[in-house]
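Residue strings, one per chain:
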Amino acid sequence: MSEVIVITSGKGGVGKTTTTANVGTGLAKEGKKVVLIDTDIGLRNLDVVMGLENRIVYNLVDVVEGNCRMKQALIKDKKYPNLFLLPSAQTRDKNSVTPEQMTKLVEELKEEFDYIILDCPAGIEQGFKNAISGADRALIVTTPEVSAIRDADRIIGLLEANEIHKIDLVINRIRMDMVNRGDMLSKDDVLDILAVDLIGVVPDDENIVISTNQGEPLVGSDAPAGKAYANICKRVMGEDVPFMEITGPTFFQKLASVFKK
Amino acid sequence: MGIFDSFFKKKSSGEVAKDRLKLLLVSDRSNCSPETMELIKNDIIKVISKYMEIDAEGLDIQITQNNDETEGPALYANIPIRELKK
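Throughout what follows, the structure given in this document is the object of discussion. (Residues numbered from 1 in each chain as written. Chains lettered and ligands numbered in written order. Predicted model: local features only at pLDDT ≥ 70, side-chain atom pairs only at ≥ 80, totals over all residues.)

## Comments concerning the overall build of chain B
Argument step 1. For chain B, the count of helices and strands is three helices and four strands.
Argument step 2. Listing the helices and strands of chain B from first to last along the sequence gives α-α-α-β-β-β-β.
Argument step 3. When burial is assessed residue by residue, chain B has 5% of its 86 residues classed as buried.
Argument step 4. Long-range pairs, those at least 24 residues apart, make up 53% of the contacts in chain B with a sequence separation of at least 6. (Helix = DSSP H or I, 4+ residues; strand = E, 2+ residues; numbered from the N terminus. Buried ≥ 20, exposed ≤ 12 C-beta atoms within 10 Å, placed from the backbone. Contact = placed C-beta atoms within 7 Å.)

## Notes on helix α2 (residues 13-29) of chain B
Note on helix geometry: an α-helix contains 3.6 residues per turn, so any two residues three or four positions apart are oriented the same way.
Argument step 1. For α2 of chain B, which comprises 17 residues, the first-to-last C-alpha distance of 24 Å matches the rise-based estimate of 24 Å (1.5 Å per residue) to within 8%.
Argument step 2. The set of residues buried in α2 of chain B consists of A17, K18, L21 and L25 of chain B. For α2 of chain B, the buried positions fall inside an angular range of 95° around the axis, keeping them on one side.
Argument step 3. Along its buried surface, α2 of chain B packs onto α7 (146-161) and α9 (187-194) of chain A.
Argument step 4. Looking one or two residues beyond α2 of chain B, the residue adopting positive phi is N31 of chain B, at roughly 60°. (Expected span 1.5 Å × (residues − 1). Arc of directions from axis to C-beta.)

## What to know about unusual backbone geometry
All names here are of chain A.
Argument step 1. In this structure, R173 is a non-glycine residue whose phi angle is positive, near 60°.
Argument step 2. In this fold, R173 is placed in strand β7 (residues 166-174).
Argument step 3. Taking the C-beta count within 10 Å as the criterion, R173 has 21 such neighbours and is therefore assigned buried.
Argument step 4. With phi around 50°, A195 is a residue other than glycine that occupies positive phi space.
Argument step 5. Within the secondary structure layout, A195 lies in the loop between α9 and β8 (197-203).

## Focus: the sheet that holds β8 of chain A
All names here are of chain A.
Argument step 1. The strand order β3-β4-β2-β5-β1-β6-β7-β8 describes an open sheet built from eight strands, whose pairing is mixed. The two strands at the open ends of the sheet, each matched to only one other strand, are β3 (75-76) and β8.
Argument step 2. Judged from the four bridges that link them, strand β2 (residues 34-38) and strand β4 (residues 83-86) form a sheet pairing that is parallel. Its bridge partner lying in β4, V35 is registered against F84.
Argument step 3. Contacts from helix α11 (residues 224-236) reach β7 and β8, with the element oriented near 160° to β8. (Pairing = 2+ DSSP bridges. Axes fitted to C-alpha atoms, helices over the stretch in contact; angles between N-to-C directions.)

## Looking at the nonpolar core
Residues and elements named next belong to chain A.
Argument step 1. Formed by 79 residues in total, the largest nonpolar core has its most connected members in I5, I116, I117, L118 and I140.
Argument step 2. Sorting elements by how many residues they give to this core places α11 first, with seven residues.
Argument step 3. In this view, L118 contacts I5, V6, I7, I37, T39, A131 and A135; residues no more than four positions away in its chain are not counted. (Core = buried A, V, L, I, M, F, W, Y, C linked by C-beta atoms within 7 Å.)

## A few points about the interface of chain B and chain A
Accessible area lost during the coming together of the parts is what is often quoted as the interface size.
Argument step 1. Each side of the interface is counted separately: chain B has 13 residues, and chain A has 12 residues.
Argument step 2. Its residues assigned to classes, the side of chain B that touches chain A shows four nonpolar, three polar and six charged. (Nonpolar A, V, L, I, M, F, W, Y, C, P; charged D, E, K, R; others polar.)

## Notes on the pairing of strand β6 (residues 137-142) of chain A
All names here are of chain A.
Argument step 1. Burial of β6 is extensive: five of the six residues sit out of reach of the surface.
Argument step 2. With four bridges connecting them, strand β1 (residues 3-8) and β6 associate as parallel partners. Among the inter-strand pairings, V6 is bridged to a residue of β6, identified as A138.
Argument step 3. Bridge count for β6 against β7 is six bridges, and the pairing is parallel.

## Side note on the environment of V170 of chain A
Argument step 1. When you line up the elements, V170 of chain A lands in strand β7.
Argument step 2. Residues within four places of V170 of chain A in sequence aside, it is in contact with T19, L139, I140, V141, I199, G200, V202 and I232 of chain A.

## Let's talk about α11 of chain A
Residues and elements named next belong to chain A.
Argument step 1. Counted at 1.5 Å a residue, the expected span for α11 with its 13 residues is 18 Å, and the 19 Å between its end C-alpha atoms agrees.
Argument step 2. Along α11, 10 of the 13 residues are buried, which leaves the element largely enclosed by surrounding structure.
Argument step 3. Considering only its buried residues, α11 is in contact with α1 (16-29), β7, β8 and α10 (206-214).
Argument step 4. Just past α11, the residue G238 takes up positive phi, approximately 100°.

## Observations concerning the packing of α1 of chain A against α11 of chain A
Residue and element names in this part refer to chain A.
Argument step 1. Where α1 contacts α11, the two axes come as close as 9 Å, and the packing angle between them is 65°. Put simply, α1 runs roughly perpendicular to α11. Regarding α1 and α11, the two cross each other, and that crossing is right-handed. Each of N22, V23, G26 and L27 in α1 lies in contact with α11, whose residues at this interface are Y229, A230, I232, C233 and V236.
Argument step 2. Its residues assigned to classes, the contact of α1 with α11 comprises seven nonpolar, two polar and no charged. (Parallel < 35°, antiparallel > 145°, perpendicular 65-115°, else oblique. Left-handed = near helix turned anticlockwise from the far one by under 90°.)

Here it is in structure tokens:
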């Protein structure tokens, strides 16, 4: 049984690509056969976040247009042999692919993979329509900010109108110090407003920047965001994992980070 | 809006965000654009003005979500009366 998951948000810059990379890598770590598809044609990024940018020969548009076989375009991950990336095209535009072509492509991949994860572009235009066309379920990424939440709400409406009813929310970049002093929406505030199921809360963590610099997803590491993403992966697979308490850095963590430098 | 301003100031910015979002999403979801709201507002002014003198500047209408979620959204109007016509 394979599952097609679209990772979307409406607003840009909230962490869709980071979430795609980490959830995909996490599922591969759990032994699943996973393929990540970057559907952001013209602005490809998932390849750099995964650290695979030097291995691209063919891309999504090449596969759709029949310039190569699927196998030739799939890039194997550096660490996990059961994890693959189908990169997007950098020099084409969103209209190079239709929703029907995407659905067909995804159907083909279903035969071989347990999880097909689609990294959706920002916005609600053609790229979004392509990304959701073959999806069974969606992870919506939002941050605790009014603009991101408003867009997430709009996306939820559009997904439901497109018959995608399994929708889970990832609240990204939450800062407990700000929540505690009342200057940031809490997890419960966001859930109250959006009324969807929560699948994970990822703390604002500078290790994300470091891992992106290195091109190595941090899922499963001891970093707060690494733990949060590992839990999200378990929940994606249907495990019931309690939500961890997110706290600000403790005195010892701050001390430790000083010595790491 | 003076009363509202001083009321909001006591809230933390997180609460302000939540209140703003709740209002915003109700109007987003109902597909009721600010332009439509303006038309509704002008019609309300026309009708009520037949019977009493109102403060058109201070008139405020909003679509709000009832606290009881099962009841659905409601149109809330705050219409200050200057003078009741005889």
